[in-house]
Amino acid sequence: MITSPPLVAMIHAVPAAHRTAHEAFAQQFPQATVWNVLDDRLLVDANAAGGLTDALRRRMLRLIGHVMDGGAQGLLLTCSSYGEVVDTARTLWDVPVLKSDESMFKAALAGPYRRIAVVASVPPAVPAAVAQLQALVPALRPGRPVDIVTALSEDAAGATDPRTAARHLAEALRAADGTDVDAVLLAQYSLTPARDALADLLGVPVLDGAGTAARELRGLLLPAEQQAAPAPVVTP
């Protein structure tokens, strides 16, 4: 039985993800009570170790156990580097546990989009996002191929405002011959503020991980009569 309002926990590795996800839930799932847990050493220690170690996996599971013991009815893990731990968590707890961008990838593949762009401002984000997207294709759209275009703009990482970041991402997409894509996926939470400006520039839907996760959890945790959303997906 889900109490009202539902308690949704989010585990973050960087403060920026905390802000972005919190804003997304305020817009897309305002009925939720949001519980933010931040461990700002998660990425530092993973990078120092050259990736996830058994100790780091156990550490993340302890954090997940902490919020589950606290009554969380849903969980979003905003750090993509620890996404594999979600697979283990799903075998241990019977509540929805989402990876950072999983909802975005599922929404994109469920849509009518034939050609999808993945854009990022840091190099590691591109192959990680593409690998996750491709892994979902056989289950979510068998027999319906998808063409994936990637674009990287490191200039967008240093942009001082969302519109400038959007312009850099659009330029990178044009350089990658991606002007005819049907939708764009933001491979980092840090790019979410540029979503609407990028949609305006390109004239196609732009999806972000935090917003689609909030919508999926809203659908899972609220009864049908409370499903109305205050903010639609961006569809220019």
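Look a little higher up for the structure.
For clarity, every value in this text was computed on a predicted model and none was experimentally measured.

Draft legend 1. Examining the overall build of the protein chain more closely. The helix and strand inventory of the protein chain stands at 10 helices and 8 strands. Over its C-alpha atoms the protein chain spans a radius of gyration of 17 Å, differing by no more than 12% from the 18 Å that the globule rule assigns to 236 residues. Dimensions of the protein chain, computed from the C-alpha atoms along their principal axes, are close to 50 × 50 × 40 Å. Split into buried and exposed, the 236 residues of the protein chain put 50% on the buried side. Per element, the accessible surface of the protein chain, about 10,700 Å² overall, is 54% carbon and sulfur.

Draft legend 2. The arrangement of the pairing of strand β7 (residues 183–186) in detail. Burial along β7 is two-sided: Ala-183 and Leu-185 facing one way and Val-184 and Leu-186 facing the other are all buried. Pairing analysis gives 4 bridges linking strand β5 (residues 115–120) to β7, with the strands arranged parallel. Each residue of the ladder has a partner; that of Val-119, found in β7, is Leu-186. When β7 meets strand β8 (residues 206–207), the two strands line up parallel, connected through 2 bridges. Bridged to Leu-185 within β8 is Leu-207. Once you follow β7 into helix α9 (residues 195–202) and on to β8, the crossover reads as right-handed.

Draft legend 3. Here's a closer look at the sheet that holds β5. Strand order in the open sheet formed by 4 strands is β6-β5-β7-β8, and the pairing between neighbours is parallel. Bordering the open sheet on either side are β6 (147–152) and β8, each of which pairs with just one other strand.

Draft legend 4. The arrangement of the pattern of salt bridges in detail. For the coordinates displayed, the defined rule picks out 14 salt bridges. Across the pair Asp-45 and Arg-59 runs a salt bridge, and its minimum N-O distance is 2.9 Å. Placement of Asp-45 in helix α2 (residues 42–49) and of Arg-59 in helix α3 (residues 54–69) is noted, with a sequence separation of 14 residues between them. Considered together, Asp-45 and Arg-59 belong to a single accessibility category, that of buried residues. Asp-87 is paired through a salt bridge with Lys-99; the nearest N and O atoms lie 3.2 Å apart. In this pair, Asp-87 is assigned in helix α4 (residues 83–92) and Lys-99 in the loop between β4 (97–98) and α5 (102–110), connecting sequence segments 12 residues apart. Put simply, Asp-39, Arg-41, Asp-45 and Arg-59 are held in one network by salt bridges that share partners.

Draft legend 5. Here's a closer look at the sheet that holds strand β3 (residues 74–77). As summarised here, the arrangement of the 4 strands in space is β2-β1-β3-β4, forming an open sheet in which the pairing is parallel. At either end of the open sheet lies a strand with only one pairing partner, and these are β2 (33–38) and β4. In this structure, strand β1 (residues 7–12) lies alongside β3, joined through 4 bridges in parallel fashion. Within the sheet, the bridge partner assigned to Met-10 lies in β3 and is Leu-76.

Rules used in this analysis
- Residues numbered from 1 in each chain as written.
- Predicted model: local features only at pLDDT ≥ 70, side-chain atom pairs only at ≥ 80, totals over all residues.
- Heavy atoms only, no water.
- Helix = DSSP H or I, 4+ residues; strand = E, 2+ residues; numbered from the N terminus.
- Rg over C-alpha atoms; globule rule 2.2 N^0.38 Å.
- Buried < 20%, exposed > 50% of the residue type's maximum accessible area, 1.4 Å probe, protein only.
- Areas by Shrake-Rupley, 256 points an atom, 1.4 Å probe, with all protein chains shown as cover.
- Pairing = 2+ DSSP bridges.
- Right-handed = clockwise from strand over helix to strand, strands pointing away.
- Salt bridge = Lys/Arg side-chain N within 4 Å of Asp/Glu carboxyl O.

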